[in-house]
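So you can see what is in the structure, the chains are spelled out below.
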Amino acid sequence: MAVPARSVTKSINVMVVDDSAVVRGLVSREIDAEPDLCVVASASNGEMAVMELRRRVVDVIVLDIEMPVMDGMTALPLLLAEQPGVKVLIASTLTRRNGEISLKALQLGAADYLSKPEAGTTLVTAEDFKRDLVAKVRALGSACSGRATASPTPASPVTLARPAAVAVRPEVIVIGGSTGAPPVLVRLFEELRGAVRQPILLTQHMPPTFTALLAEQLERSGGRPCAEGRDGEPIVPGRAYVAPGGWHMTVAAQSGLRVIRLDQEPPENFCRPAVDPLFRSIAKAYGSRVLAVVLTGMGSDGAKGCEAISQAGGRFVVQDEASSAVWGMPGAAARTGLADRIVPLAQLASFIAQAAETGV
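Below is a summary of the structure that appears in this document. (Residues numbered from 1 in each chain as written. Predicted model: local features only at pLDDT ≥ 70, side-chain atom pairs only at ≥ 80, totals over all residues. Heavy atoms only, no water.)

Quick word on the nonpolar core
So, step 1. Counting residues in each nonpolar core, the largest one holds 63 residues, and the members touching the most others are Met-15, Ile-61, Leu-63, Leu-79, Leu-218 and Leu-295.
So, step 2. Among the elements that line this core, the one with the most residues is helix H11 (residues 345–358), at 8 residues.
So, step 3. Apart from the residues lying within four places of it in its own chain, the contact partners of Leu-63 are Val-17, Gly-72, Leu-76, Leu-79, Val-88, Leu-89, Ile-90 and Ala-91.
So, step 4. Membership of the second largest hydrophobic core comes to 29 residues, among which are Met-249, Ile-260, Leu-262 and Val-318. (Core = buried A, V, L, I, M, F, W, Y, C linked by side-chain atoms within 4.5 Å. Buried < 20%, exposed > 50% of the residue type's maximum accessible area, 1.4 Å probe, protein only. Helix = DSSP H or I, 4+ residues; strand = E, 2+ residues; numbered from the N terminus. Contact = heavy atoms within 4.5 Å.)

Focus: the sheet that holds strand E2 (residues 37–43)
So, step 1. Strands sit in the order E2-E1-E3-E4-E5 across an open sheet of 5 strands; the sheet is parallel. Looking at strand neighbours, the two that pair on one side only are E2 and strand E5 (112–115), the edges of this open sheet. Taking each pair of neighbouring strands and ignoring which way they run, the sheet shows an average axis angle of 25 degrees.
So, step 2. Helix-sheet contacts for helix H1 (residues 21–32) involve strand E1 (12–17), E2 and strand E3 (60–64), and the interaxial angle to E2 is about 160 degrees. (Pairing = 2+ DSSP bridges. Axes fitted to C-alpha atoms, helices over the stretch in contact; angles between N-to-C directions.)

Brief notes about the pattern of salt bridges
So, step 1. Going through the model one piece at a time under the given rule, you end up with 22 salt bridges.
So, step 2. Between Lys-116 and Asp-18 there is a salt bridge whose closest N-O contact spans 2.9 Å. Residue Lys-116 is located in the loop between E5 and helix H5 (123–142), and its partner Asp-18 is located in the loop between E1 and H1; the two are separated by 98 residues in the primary sequence. Both residues of the pair, Lys-116 and Asp-18, belong to the buried class.
So, step 3. A salt bridge links Glu-171 to Arg-258; the nearest nitrogen and oxygen atoms lie 3.1 Å apart. Taken together, the residues span a long stretch of sequence, with Glu-171 in the loop between strand E6 (158–159) and strand E7 (172–177) and Arg-258 in strand E12 (residues 257–263) at a distance of 87 residues.
So, step 4. Salt bridges sharing partners connect three or more residues here, namely Asp-18, Asp-64 and Lys-116. (Salt bridge = Lys/Arg side-chain N within 4 Å of Asp/Glu carboxyl O.)

What to know about the packing of aromatic side chains
So, step 1. Counted by the stated rule, this structure contains 1 aromatic pair.
So, step 2. Both rings, one in Tyr-113 and one in Phe-210, keep their centres 5.3 Å apart while their planes meet at 25 degrees; by these two values the pair is stacked. In this pair, Tyr-113 is assigned in strand E5 and Phe-210 in helix H7 (residues 210–222), connecting sequence segments 97 residues apart.
So, step 3. Note on Tyr-113: relative accessible area 5%, which makes it buried. (Phe/Tyr/Trp six-rings, centres within 6.5 Å; stacked < 30°, edge-to-face > 60°.)

Some remarks on unusual backbone geometry
So, step 1. Following Arg-272, the chain continues to Pro-273 via a peptide bond in cis, the omega torsion being 15 degrees.
So, step 2. Looking at the secondary structure, you find Pro-273 in the loop between E12 and helix H8 (275–286).
So, step 3. Positive phi, normally seen in glycine, also occurs at Thr-209, with a value near 80 degrees.
So, step 4. The phi dihedral of Asn-269 falls on the positive side, at around 55 degrees, and the residue is not glycine.
So, step 5. On the secondary structure map, Asn-269 appears in the loop between E12 and H8.

Okay, structure coming up:
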């Protein structure tokens, strides 16, 4: 293809890799329609993508999984080695096999994933795909080295200037995350193995199938029972509950117990599941005995929920910018001025473990 010169107004360079010419054309048109995005290369397989990457600087690669000659998983480490720092967005159809491959790709360095609409999909689904495509490419491209608008957070915990709170041992730990968070969750569960008895509830922006696979992965990593939450299920110590794709997960009091509630209310922050509904309900159900954690992710989901937790006397911390793939969600929560700390990923598990044990 003819390679356009980098435009004065288009700052994020994208490569589209897919064996379908129709998909390459669709994705390229949507990206090129944005004033700050530019498709500078395309390829029909992984081998061609590696060769293209040797010829030009690319910020974001939209990478298909199933391709002839060289598939996406084989190409992924080669692409990351060719241009360290390039962000790879895995694009796949929503099947269990592709979900497993996509989660493995995230562990191997891909930054995020995108569910491609299948043939015969509805207009609404197609529009959702286009919106998510542009948003993810823009967020990942903006997070590339040299593009961040804020200076990196120091690689040590930062205690923020907020009124001191009485140390309270939390009864529950809640986590919210999006772009870049699945590998972080796996690491946290590994490092927290045997250290936290409180129930852990988490919302990760993921579609159906992916959330079930994530729960299975976290159970293996953390050695604690972990599954998608079920409506009416009691919340008990030692377990972890993942919001299922396509459903908001909240908590409610019922007959003296706290139970999971699932609903399909409209998306919040363009997401379902969303973090804010879980955090708001946790604040109402547990009051001050809450520790919330906001992990890497694009957008601002979770910030309003964090405000509700703080107003109820609970605490929340955020992952620092330097270790985040995208400092959207944690940055928005930090800007409320109510966070206890900004914590580097390397110290996040030890902080959670100590807070869970002592309340400080």
